[in-house]
Amino acid sequence: MLTKKDLLILTHLRADSRKSLAMISRETNIPISTIFDKVNKLGKNTITKYSPLLDFQKLGFGLRVNFVLKANDKKKQELKNFLLTNKNINSMLRLNNDFDFFVEAVFKDMKGLEEFSESLGKFKIKKKKKFFVIEDLKKEEFLTKPEHIKLLD
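Residues numbered from 1 in each chain as written. Predicted model: local features only at pLDDT ≥ 70, side-chain atom pairs only at ≥ 80, totals over all residues. Heavy atoms only, no water.

Counting its regular elements, the protein chain contains 5 helices and 4 strands. The helix and strand sequence of the protein chain, counted from the amino end, reads α-α-α-β-α-β-β-α-β. A globule of 153 residues ought to have a C-alpha radius of gyration of about 15 Å, yet the protein chain, at 20 Å, is considerably larger. Each principal axis of the C-alpha atoms in the protein chain carries an extent, and together these give about 55 × 35 × 25 Å. Within the protein chain, the fraction of its 153 residues that count as buried is 34%. (Helix = DSSP H or I, 4+ residues; strand = E, 2+ residues; numbered from the N terminus. Rg over C-alpha atoms; globule rule 2.2 N^0.38 Å. Buried < 20%, exposed > 50% of the residue type's maximum accessible area, 1.4 Å probe, protein only.)

Let's shift gears to the layout of surface pockets. Looking at the largest pocket, its volume works out to about 1,200 Å³. As for the largest pocket, its lining consists of 31 residues, of which Arg-14, Lys-49, Ser-51, Leu-53 and Glu-140 are closest to the centre. Where the lining of the largest pocket is concerned, the elements lending two or more residues are helix H1 (4–15), strand S1 (63–70), strand S2 (89–94) and strand S3 (101–107). Residue composition of the lining of the largest pocket, by class: 14 nonpolar, 7 polar and 10 charged. Along the wall of the second largest pocket there are 13 residues; nearest its centre are Gln-57, Gly-62, Arg-64, Val-133 and Ile-134. (1 Å grid on protein atoms, 1.4 Å probe; cavity = no way out; pocket = protein on both sides within 12 Å on 5 of 7 lines; lining within 4 Å. Points joined across faces, edges and corners; volume = space filled by probe spheres on them. Nonpolar A, V, L, I, M, F, W, Y, C, P; charged D, E, K, R; others polar.)

The α-helix winds at 3.6 residues per turn, so residues separated by three or four positions along the chain end up facing the same way. A rise of 1.5 Å per residue sets the reference length of H1, with its 12 residues, at 16 Å; its end C-alpha atoms lie 17 Å apart and thus fit the reference within 8%. Every buried residue of H1 is accounted for by Asp-6, Leu-7, Ile-9, Leu-10, Thr-11, His-12 and Leu-13. Those residues of H1 that are buried are in contact with helix H2 (21–28) and helix H3 (32–45). (Expected span 1.5 Å × (residues − 1). Contact = heavy atoms within 4.5 Å.)

Written as structure tokens, this is what we have:
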């Protein structure tokens, strides 16, 4: 179980992972050596990845599409492997109920989206819905402020 200090340090890292340990120490009144030790420990068993959040549009990928997919039972593993290795897939989740997978994909243009959609045809997908992302309203906000820690009590 994480301590209140662990959670406080995590909120600072979630809000700005480039914030220096010295700055976190000043803002939390936790000694920098303690923060260093805790960050190393958290990096081994709680933090799964250090990665910047990108504005894909500024990188030339102006089209973001979320798919929910229900696979043909015989092709489910094959579809999963295809999605896991596809260069356009940013995120992928396994779902329950009516669908098997939730996929967030990024494309430069409609042509790329159409090529991807056509490539799904070989998997005999039972059900597919796609949603175009118009605007990010909130992203990666959970546990980014010290007051969020109360949610975990």
